[in-house]
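Structure at a glance
The primary structure of each chain is shown beneath.
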Amino acid sequence: MNNRLYMLESVEDTICNSFIITTESGKVISVDGGHRAQSEYLLNTMREITKSGKPHIDAWILTHPHADHIQALFDIVENYPDEIEIDRIYLNFPSQLCFEGSDEDGVESMELFYSALPKISDRLRILSGGDKLKIGEAEITVLYSQDFEIKGCNNSSLVFRVDLAGKSILFTGDCGEEAGNKILRLWKDSGILNCDIVTMSHHGQQGVSREFYEAVSPEICLWPTPSWLWTNCDGTGNFTTLETRKWIEELGVKENYIMKDGAHMIEL
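It should be emphasised that the depicted structure is a prediction, and the values quoted were computed from it without experimental measurement.

**Digging into helix α1 (residues 39-50)**
In this model α1 runs 16 Å from its N-terminal to its C-terminal C-alpha over 12 residues, within 8% of the 16 Å that 1.5 Å per residue would give. When we look at burial in α1, the residues that qualify are Ser39, Tyr41, Leu42, Leu43, Thr45, Met46, Ile49 and Thr50. One or two positions beyond α1, positive phi appears at Lys51, with a value near 55 degrees.

**Section: the sheet that holds strand β5 (residues 85-91)**
Pairing in this open sheet of 7 strands is mixed, and the strands run β6-β5-β4-β3-β2-β1-β14 from one edge to the other. Across the chains shown, the open sheet's two edge strands, defined by having one partner strand only, are β6 (124-126) and β14 (264-267). Here the average twist between neighbouring strands, direction ignored, is 20 degrees. In this structure, strand β4 (residues 56-61) lies alongside β5, joined through 5 bridges in parallel fashion. By the bridge assignment for β5, His56 is matched with Glu85.

**Here we look at empty space enclosed by the protein**
According to the stated counting rule, one finds 1 cavity of 30 Å³ or more in the structure shown. Counted as a void, the largest cavity has a volume near 30 Å³. What lines the largest cavity is simply Asn17, Phe19, Val31, Asp32, Thr63, Phe171, Thr172, Gly173 and Thr199. Of the residues that constitute the lining of the largest cavity, the class distribution is 3 nonpolar, 5 polar and 1 charged.

Calculation criteria
- Residues numbered from 1 in each chain as written.
- Predicted model: local features only at pLDDT ≥ 70, side-chain atom pairs only at ≥ 80, totals over all residues.
- Heavy atoms only, no water.
- Helix = DSSP H or I, 4+ residues; strand = E, 2+ residues; numbered from the N terminus.
- Expected span 1.5 Å × (residues − 1).
- Buried < 20%, exposed > 50% of the residue type's maximum accessible area, 1.4 Å probe, protein only.
- Pairing = 2+ DSSP bridges.
- Axes fitted to C-alpha atoms, helices over the stretch in contact; angles between N-to-C directions.
- 1 Å grid on protein atoms, 1.4 Å probe; cavity = no way out; pocket = protein on both sides within 12 Å on 5 of 7 lines; lining within 4 Å.
- Points joined across faces, edges and corners; volume = space filled by probe spheres on them.
- Nonpolar A, V, L, I, M, F, W, Y, C, P; charged D, E, K, R; others polar.

All we've got here are geometric facts, nothing functional implied.
Okay, structure coming up:
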């Protein structure tokens, strides 16, 4: 395998976060994974990437408990346990009580997590802001984990930087403006936010602020964005994707990879 970053497509043209990183020494890191409908496609893609009928995943990082991020993993754990090997699963999920009455997707996703917990508890690791991991040649630095004073499941997203082969990638999950502003306060002056590649928060709309992307100053933006969201439903929706697209254009980003166009692979 080579040092590569993959953004997988959505099989249902819906919101979905699914990324895979491979390293020269053969390590594989999965980030999120997508809806339950992604499970077979995700497994098949992992087989193709690893050239193995039973893919070995060294680290699986879940940003936060929403269905379009975590269902595929827990479906695989439940229904395809003998078709994959997973060494470690990294996360930092809030309590289900944080969502009850305000976020039914979060409640249902946490129920799915608790159901899978007996099968994964020995492989589970909690990540917190400031933690560092080294997986093969990939160095991971966690910049943010849930803050109980900042409300919302999206704002509980793990935000982390991956350094590999001289390139830096910032994963933002569905981080909102409130959490993004805290990250700016903590890290902006350090320069660690400045990355070559960034995943667009919350699928490119109602995520972090323009100032956040200015601090990142990316050369490449990865948009986990379906066709209807990319166009804001042909301009008739209530999404802010078109505004975010304008920010990125004005920042002079060189390349945009968009999920609506299919799967993408970047050589690092």
